[in-house]
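Okay, here's what each chain looks like letter by letter:
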Amino acid sequence: MKTLRCYLVDDYPLIFKTVSHVICQMDDVEVVGMETDPSAAIKAINTGTVKADVLILDIEMPGVSGMDVAAALTNKIKIIFLSAFTEYGFEAFSKNAVDFVAKPIDPEKLKTAIEKARYLIELEESRKKQHLYVPGKQSGSKHRIAFDEIIRIEAYANYHWIFQKEKKPHLEHGSLSKLLRNLPADIFIRVSRSAIVNLNHIEGIASRKIRMSDGREIPVGPTFIKVVSKYLSDR
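Residues numbered from 1 in each chain as written. Predicted model: local features only at pLDDT ≥ 70, side-chain atom pairs only at ≥ 80, totals over all residues. Heavy atoms only, no water.

Participant: Give me the lowdown on the overall build of the protein chain, citing residues and values where you can.
Facilitator: Broken down by element type, the protein chain carries seven helices and 15 strands. Since a compact globule built from 235 residues should have a radius of gyration of about 18 Å, the 25 Å found for the protein chain marks it as more spread out than a globular shape. On the principal axes, the C-alpha backbone points of the protein chain span a range of 75 × 40 × 30 Å. For the protein chain, the proportion of its 235 residues judged to be buried stands at 43%. The long-range fraction of contacts in the protein chain, counting pairs at least 24 apart against all pairs at least 6 apart in sequence, stands at 48%. Here the protein chain carries 34 positive and 30 negative side-chain charges, and the mean point of each set is 12 Å from the other. (Helix = DSSP H or I, 4+ residues; strand = E, 2+ residues; numbered from the N terminus. Rg over C-alpha atoms; globule rule 2.2 N^0.38 Å. Buried < 20%, exposed > 50% of the residue type's maximum accessible area, 1.4 Å probe, protein only. Contact = heavy atoms within 4.5 Å. Lys, Arg positive; Asp, Glu negative; His and termini not counted. Charge placed at Lys NZ, Arg CZ, Asp CG, Glu CD.)

Next comes the structure, spelled out in structure tokens:
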């Protein structure tokens, strides 16, 4: 399990001792930094000087409040707000906070909030792994395609078409070998020099041709027959 990295920001340093003590009792959680200056914390997170997964952030701080900090962040980070004033709870959740923990801190409530943050992070990572990310229409943008939506991928010169269920094919520049490295090996298999298929979309195989769920018949290349036969026999 990945170690969860926590960054603590509070203008009252004694809080660091309390929070650190709670975190020390948890598995795979660590404190990667502590800061009493909210402006410095914003800079550290946005520039990547501090690499953290969770920000445990006080709301009531002089000059720059915790809400100001949350609004100024450009890096994705899960936020757990702390405050002695429970009326901030609603505003905290309006900032997409993972949780709100009232002061004085209840160790069990803080542990629960941190575990909630861990769950959300792992869920997001899991969702990322269920998609293929390809260049979007706008420069620098990304478009995601769910793995189970991909029926087959076929190469044409230096390009390949990604054929999907009930959607128009997506054309992308690049080699099949490079693309295959971004696909889960238990779902996708290369069946020829010019084709990759989704094993879950195979409807049949005969005469060295694989019939896909969209009706297309893909010829199996001579050098791929043994590999394809083994994959299909193991399923």
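Structure shown, so let's carry the discussion forward.
Participant: Quick rundown of the pattern of salt bridges? Include the residues and the values.
Facilitator: In the structure shown here, the tally under the stated rule is 10 salt bridges. The residue Asp53 makes a salt bridge to Lys2 at a minimum N-O spacing of 3.5 Å. One end of the pair, Asp53, is in the loop between helix H2 (38-47) and strand E3 (54-58); the other, Lys2, is in the segment before strand E1 (4-9), and 51 residues separate them in sequence. On the accessibility criterion, Lys2 (52% relative accessible area) is exposed. (Salt bridge = Lys/Arg side-chain N within 4 Å of Asp/Glu carboxyl O.)

Participant: Can you lay out helix H1 (residues 14-24) for me, pointing to particular residues and giving the numbers?
Facilitator: Note: α-helices contain 3.6 residues per turn, so residues at a spacing of three or four share the same orientation. Those residues of H1 that fall on the buried side of the exposure criterion are Ile15, Phe16, Val19, Ser20, Val22 and Ile23. One side of H1 carries all its buried residues, which in axial view fall inside an arc of 160 degrees. Exposed residues pointing more than 90 degrees away from the buried face of H1 are listed as Leu14, Lys17, His21 and Cys24. (Arc of directions from axis to C-beta.)

Participant: Just give me the short version of unusual backbone geometry, but keep the residues and values in it.
Facilitator: Geometrically, the link from Lys103 to Pro104 is a cis peptide bond, its omega value of -5 degrees lying close to zero. When you line up the elements, Pro104 lands in the loop between strand E5 (99-102) and helix H5 (107-128). Here Asp28, not a glycine, exhibits a phi torsion of approximately 60 degrees, which is positive. Mapped onto the secondary structure, Asp28 falls in the loop between H1 and strand E2 (29-35). Of note, Glu166 is a non-glycine position whose phi angle comes to about 55 degrees, a positive value. On the secondary structure map, Glu166 appears in the loop between strand E9 (159-164) and strand E10 (170-173).

Participant: Describe a nonpolar patch on the surface, with residues and values.
Facilitator: Taken together, Tyr156, Tyr159, Trp161 and Leu171 make up a surface patch of nonpolar side chains, about 390 Å² in accessible area. Residue placement: Tyr159 occurs in strand E9. (Patch = residues over 30% accessible without salt bridge, like charges linked within 9 Å, V, L, I, M, F, W, Y side chains within 5 Å. Areas by Shrake-Rupley, 256 points an atom, 1.4 Å probe, with all protein chains shown as cover.)

Participant: Summarise the environment of Leu171; cite the residues concerned and give the values.
Facilitator: Inspection of the secondary structure assignment puts Leu171 in strand E10. Take Leu171: its relative accessible area is 43%, and that puts it in the partly exposed class. For the pair Leu171 and Ile153, spaced 18 residues apart in sequence, the C-alpha separation works out to 9.7 Å. Those residues in contact with Leu171 that sit more than four places away from it in its chain are Tyr159, His160 and Trp161.

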